[in-house]
Amino acid sequence: MSALTLLIIAVAGVAVLLLAVIKFKIPAFLALLTVSVLVAVAAGIPLDEVIAAVQAGMGGTLGSVAILVGLGAMLGKMIELSGGAEALAGKFTKILGSKRVTAALTGAAFLLAIPVFFDVGFIILVPIIYGFAKAAGVNPLKVGLPVAAIMLAIHVVVPPHPGIVGGAGVIGADIGWITILALSVCAVLAFPAYFVAQWMNRRDYPMVAATAEQFRLFGSGKSDVEVESGAGNTAVKTSVQAPPSPAMIITLIVLPILMIMAGTVSAVVLPDDAAALPVLSLIGSPVIALLVTVFLAFFFLGIRRGWSSATTGEVMDAALAPTAIVILVTGAGGAFGKVLTESGIGTALADTLSSAGLPILLMAYVLAAVLRAAQGSATVAIVTTAGLLAASVSGGDFSALQMALITMAVGFGAFGFSHVNDSGFWIVTRYLGLSVADGLKTWTVLTTLLGICGFLLTCGLWLVLSPLAG
């Protein structure tokens, strides 16, 4: 099929999906799966491979998301019901004032996001976002939107995240220069992330019912913990009233970050044959880091504070039920993205654009943005764009600084246009209580604006540094 035909199919698929979810209120999970099948058939994927493509997209996404969401939910529930989130939020609100806590949390998210994947870091911070929002008496969107935005900025342009590292490898750019320049740009980008999100939050966005109920009940059980059992609701009395200290909660949040950082740094610093590398790699995997932290929460937030093992286990089990919708919808979003990738829509558009004769920096941004919008995955958009540009970059006599900036332009192109085919879109909107329509008005617009800002800052560095590099 021609690129134009594939583009029409992609646009029509997204339009039908939005119409189904927003206008006809069809559950997002059903709508995503149905539209994925329809787009696969329309795009010419062989009929006997359609379901396999959908299952591959669903399974690939759930393989990375389901475990992390489940463990993150358990940790969050323990922090919530122990009173830890409220204690931490109250402490910082008292020190900083309610007007400064969002800015402070955004700054903390900047640092936390460096060694941690976007979805992992955001899930870890969800109970803290809820706690700060409760303390300030505001919608969690007001706290969570700038936090999520700056974390995604770090994820797409700062090593050691996989997309930018893979893109740098294909182009041949220096990881060190990318790290230095990308962190500098993202530090500046934190300001528009905060202020644009605050501007968007001038109006109140109604929370979807499930998230609104979850937020209403957040932190409500300090001495009485209500959990689900096989026979229905069971009230479980806890014997300790005092919440854990803010230091304990900070430790439980930072510990998995440090473990993941240890694995990441060791992979870069240690030689491939180092005996400690496999051990540090295991310790630094997000699953192990969260698993260890959940067991520590089991003891320090539960057993040590007077809960029985049965009560603590029931509290953790109760955390899993509300995550089902997040996991399934996120997986279905991955299926839709996979179908768009397999159909060749993104590649066809990229091939068409690559012959347009644009300047290299602009071409890097536009190609990545088109691929991101077409198939959803920022990592796929970055690596694919790098492959399309590799020949032009290698033959262009660019300096090491310029090659790093070209790679950053690719990353910022993959930053924006997060919408219904992106699994991250569903994680952010579901946890912050946004409807699909409101998610498009806020999260999609914010990521796109910040991607443009990041690209413009990269262009500024190009103008300033290119004469020096030459």
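In what follows, the structure referred to is the one given above.
In this text the structure is predicted, and so the values were computed from the model without any measurement. By convention here, each chain's residues receive numbers from 1 onward along its written sequence. Since the coordinates come from a predicted model, pLDDT governs what is reported: local features require at least 70, and pairs of side-chain atoms require 80 or more to be given and counted, while whole-chain, interface and lining totals use all residues. Side-chain measures were taken over the full set of non-hydrogen atoms in the model, leaving aside hydrogen atoms and water.

## A short note on the pattern of salt bridges
So the rule is basically this: Salt bridges are counted wherever a side-chain nitrogen of Lys or Arg sits within 4 Å of a carboxyl oxygen of Asp or Glu. A run of DSSP states H or I qualifies as a helix once it reaches four residues; a run of E qualifies as a strand once it reaches two. Both are numbered from the N-terminal end. Relative accessibility under 20% of the residue-type maximum defines a buried residue, over 50% an exposed one, and the middle range a partly exposed one, all with a 1.4 Å probe and only protein chains included.
Within the structure shown, the criterion is met by 5 salt bridges. With a closest N to O distance of 3.3 Å, Glu342 and Lys338 form a salt bridge. Placement of both Glu342 and Lys338 in helix H15 (residues 323-342) is noted, with a separation of 4 residues, approximately one turn of the helix. According to the relative accessible area criterion, Lys338 is partly exposed, its value standing at 29%.

## Observations concerning the side chain of Gln402
In plain terms, the rule: By the criterion applied in these results, polar contacts are pairs of N or O atoms within 3.5 Å in which, for protein atoms, one can donate a hydrogen and the other can accept it, and in which residues neighboring in sequence qualify only through two side-chain atoms.
For Gln402, the position within the fold is in helix H19 (residues 400-413). On the basis of relative accessibility, which here comes to 14%, the residue Gln402 falls in the buried class. Here Ser399 takes part through its backbone nitrogen, which lies 3.0 Å from a polar atom of the side chain of Gln402. Here Ser466 takes part through its side chain, which lies 3.1 Å from a polar atom of the side chain of Gln402.

## Notes on the environment of Gly76
Of note, Gly76 is situated in helix H3 (residues 47-81). Along the chain, Gly76 and Pro127 lie 51 residues apart, while their C-alpha atoms are 5.3 Å from each other.

## What about the packing of aromatic side chains?
The way to describe two aromatic rings as a pair is by their centre distance and the angle between their planes. To be explicit about the condition: Only rings of Phe, Tyr and Trp enter the pairing, Trp through its six-membered ring, and a pair is recorded when the two centres are within 6.5 Å. The plane angle decides the type: under 30 degrees is stacked, over 60 is edge-to-face, the rest tilted. Over a ring means this: the NZ of a Lys or the CZ of an Arg is within 6 Å of the ring centre and within 35 degrees of the ring normal.
If you walk through the whole model with that rule in mind, you get 8 aromatic pairs. With centroids separated by 5.0 Å and ring planes inclined at 80 degrees, the aromatic side chains of Tyr194 and Phe195 adopt a geometry described as edge-to-face. Taken together through their ring pairs, the aromatic side chains of Phe118, Phe122 and Trp443 make up a single cluster. It is Lys134 that lies over the ring of Phe215; its NZ or CZ is 5.2 Å from the centre.

## As for a nonpolar patch on the surface
Stated precisely, the cut-off is as follows: Note that patches include only residues with greater than 30% relative accessible area and no salt bridge, and the join distances are 9 Å for like charges and 5 Å for nonpolar side chains (Val, Leu, Ile, Met, Phe, Trp, Tyr). Computed by Shrake-Rupley with a 1.4 Å probe, the accessible areas treat only the displayed protein chains as cover when residues are assessed.
The grouping of Leu258, Met261, Val265, Val268 and Val269 at the surface amounts to a nonpolar patch, some 460 Å² of accessible area in total. Tracing the backbone shows Val269 in helix H11 (residues 246-269). Relative accessible area serves as the criterion here: at 60%, Val269 is assigned to the exposed category.

## Here we look at H11
Applied cut-off: Helix span is expected to be 1.5 Å times the residue number reduced by one. A residue's bend is simply the angle between two axes: one fitted to the seven residues ending at it, one to the seven starting at it.
Across its 24 residues, H11 extends 33 Å between first and last C-alpha, which sits within 8% of the 34 Å expected from 1.5 Å per residue. The sharpest bend along H11 reaches about 30 degrees and sits at Val254, with the proline Pro256 one to four residues further on. Listed in full, the buried residues belonging to H11 are Ile249, Leu252, Ile253, Pro256, Ile257, Met259, Ile260, Gly263 and Ser266.

## Let's talk about the environment of Leu125
Defined as follows: Should any heavy atoms of two residues lie within 4.5 Å, those residues are considered in contact.
Looking at the secondary structure, you find Leu125 in helix H6 (residues 118-136). Leu125 sits 13 residues away from Leu112 along the chain, and the two C-alpha atoms are 9.7 Å apart. The contact partners of Leu125, leaving out residues within four places of it in the chain, are Ala109, Leu112, Val147, Met151 and Ile253.

## Section: unusual backbone geometry
Phi is positive for Lys25, close to 60 degrees, though the residue is something other than glycine. Tracing the sequence through the fold places Lys25 in the loop between helix H1 (3-23) and helix H2 (28-42). Lys25 sits in the exposed class, given a relative accessible area of 64%.

## A short note on the packing of helix H8 (residues 162-171) against H19
Formally: The axes used here are C-alpha line fits, helices contributing only the stretch in contact, and every angle between their N-to-C directions lies in the interval 0 to 180 degrees. These descriptions rest on fixed angle ranges, namely under 35 degrees for roughly parallel, over 145 for roughly antiparallel, 65 to 115 for roughly perpendicular, and the rest for oblique. Crossing chirality is assigned from the near helix's rotation relative to the far helix, an anticlockwise turn below a right angle marking it left-handed and a clockwise turn marking it right-handed. When residues are grouped by polarity, Ala, Val, Leu, Ile, Met, Phe, Trp, Tyr, Cys and Pro land in nonpolar, Asp, Glu, Lys and Arg in charged, and all others, Gly among them, in polar.
Following both chains from N to C, one finds H8 and H19 inclined at 135 degrees, their axes separated by 10 Å at the closest point. With respect to H19, the axis of H8 lies oblique. Considering how the two elements wind past one another, H8 and H19 form a crossing that is right-handed. Residue-level contacts link Ile164, Gly167, Ala168 and Ile171 of H8 to Met403, Ile406, Thr407 and Gly411 of H19. The residue makeup of the contact of H8 with H19, split by class, is 5 nonpolar, 3 polar and no charged.

## Looking at the packing of H1 against H2
Each pair of packed helices can be described by the angle between their axes along with the distance between the axes. Where H1 contacts H2, the axes come no closer than 10 Å and their chain directions differ by 160 degrees. In terms of orientation, H1 lies roughly antiparallel with respect to H2. Handedness of the H1/H2 crossing: right-handed. The residues of H2 that touch H1, namely those facing Ile9, Gly13, Val16, Leu17, Ala20 and Val21, are Ala28, Ala31, Leu32, Val35, Val39 and Ala42.

## A few points about H2
The following threshold applies: Directions drawn from the helix axis to the C-beta atoms are what define this arc.
The first and last C-alpha atoms of H2 sit 21 Å apart over 15 residues, in line with the 21 Å expected at 1.5 Å per residue. Among all positions in H2, only Ala28, Ala31, Leu32, Val35, Ser36, Val39 and Ala40 are buried. Along the axis of H2, the buried positions cluster into a sector of 155 degrees, meaning they face one direction only.

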